[in-house]
Amino acid sequence: FIENSNGSDGSLLTPGSSAREASIEVRENYDHEVSINNSVQFASIPVKAGYFLVNDKFSLRLNAGLSANYLVEGNISDPSKQILNSDELNLYNEWSFDGIGGLELGYSIFDKFDLTIEPNYRHSITPISNSATSPSRFLVQTGLRYTLK
């Protein structure tokens, strides 16, 4: 198996997207180095609930929830053209789901609006591909929060 062959740590992602590991089966053995690139982008739709630990000009909130992740793009390429026929690959599931937990720091800019930063932990509830386990990862999200009062 070859896992996450592009060496990316997911740090160059668009907001709401995340990188994940997947694996592919190599059907032949090679006695020389072969390079395979694997790039995956998901758009995440999180639904979270939170409890304010501190609720002032600066806020601290404990969050938990679920996220639906839609596959935006999944590319596997073989620059050397030695192993893969991209027409045969259908590796990634279109939808996957995660459990989320995090601690959100907010700064109130208006009465009901906060600028936020939230380090969070995500664990896949469903696999992202037909051959992957359920990966876990840490992310840092930023955003604008509107609070219903």
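The present account deals with the structure reproduced in this document. Computed from a prediction, not measured in an experiment: that's the story for all the values here.

### Focus on the overall build of the protein
Moving on, step 1. Of the regular secondary structure elements, the protein holds zero helices and seven strands.
Moving on, step 2. When the helices and strands of the protein are placed in sequence order, the string is β-β-β-β-β-β-β.
Moving on, step 3. Out of the 149 residues in the protein, the part that is buried amounts to 30%.
Moving on, step 4. Partitioning the intrachain contacts of the protein with sequence separation of at least 6 by distance along the chain shows that 63% fall at a separation of at least 24.
Moving on, step 5. Total accessible area computed for the protein in this model is approximately 9700 Å², and 55% of it derives from carbon and sulfur atoms.

### Considering the sheet that holds strand 4 (residues 58–77)
Moving on, step 1. In spatial order, the strands read 3-4-5-6-7; together these five strands make up an open sheet with antiparallel pairing. Only two strands of the sheet have a single neighbouring strand rather than two, namely strand 3 (37–55) and strand 7 (136–146). The sheet shows a mean angle of 25° between the axes of neighbouring strands, taken without regard to direction.
Moving on, step 2. Alignment of strand 3 against strand 4, held across 18 bridges, turns out to be antiparallel.

### Describing a nonpolar patch on the surface
Moving on, step 1. Where nonpolar side chains cluster on the molecular surface, the patch consists of Phe58, Leu105, Tyr107, Ile109, Phe110, Phe113, Leu115, Ile117, Val140, Leu144, Tyr146 and Leu148 and spans about 1200 Å² of accessible area.
Moving on, step 2. Along the polypeptide, Leu148 turns up in the segment after strand 7.

### Side note on the packing of aromatic side chains
Moving on, step 1. Counted by the stated rule, this structure contains four aromatic pairs.
Moving on, step 2. Geometrically, the ring pair formed by Tyr70 and Trp95 is tilted, given 5.1 Å between the ring centres and 55° between the ring planes. Of the two residues, Tyr70 is situated in strand 4 and Trp95 in strand 5 (residues 95–108); the sequence distance between them amounts to 25 residues.
Moving on, step 3. Residues Phe113 and Tyr146 carry aromatic rings whose centres are separated by 5.1 Å and whose planes lie at 55° to one another, so their mutual orientation is tilted. With Phe113 in strand 6 (residues 113–124) and Tyr146 in strand 7, this pair connects stretches of sequence that are 33 residues apart.
Moving on, step 4. By relative accessible area, Phe113 is classed as partly exposed at 32%.
Moving on, step 5. The ring of Phe52 has Arg61 sitting right over it, with the charged end atom 5.4 Å from the ring centre.

### Some words on the side chain of Ser44
Moving on, step 1. Tracing the chain through its elements places Ser44 in strand 3.
Moving on, step 2. A polar contact is formed between the side chain of Ser44 and the side chain of Arg122, at a distance of 3.5 Å.

About the thresholds
Residues numbered from 1 in each chain as written. Predicted model: local features only at pLDDT ≥ 70, side-chain atom pairs only at ≥ 80, totals over all residues. Heavy atoms only, no water. Helix = DSSP H or I, 4+ residues; strand = E, 2+ residues; numbered from the N terminus. Buried < 20%, exposed > 50% of the residue type's maximum accessible area, 1.4 Å probe, protein only. Contact = heavy atoms within 4.5 Å. Areas by Shrake-Rupley, 256 points an atom, 1.4 Å probe, with all protein chains shown as cover. Pairing = 2+ DSSP bridges. Axes fitted to C-alpha atoms, helices over the stretch in contact; angles between N-to-C directions. Patch = residues over 30% accessible without salt bridge, like charges linked within 9 Å, V, L, I, M, F, W, Y side chains within 5 Å. Salt bridge = Lys/Arg side-chain N within 4 Å of Asp/Glu carboxyl O. Phe/Tyr/Trp six-rings, centres within 6.5 Å; stacked < 30°, edge-to-face > 60°. Lys NZ or Arg CZ within 6 Å of the ring centre and 35° of its normal. Polar contact = N/O pair within 3.5 Å; in protein donor to acceptor, adjacent residues only side chain to side chain.

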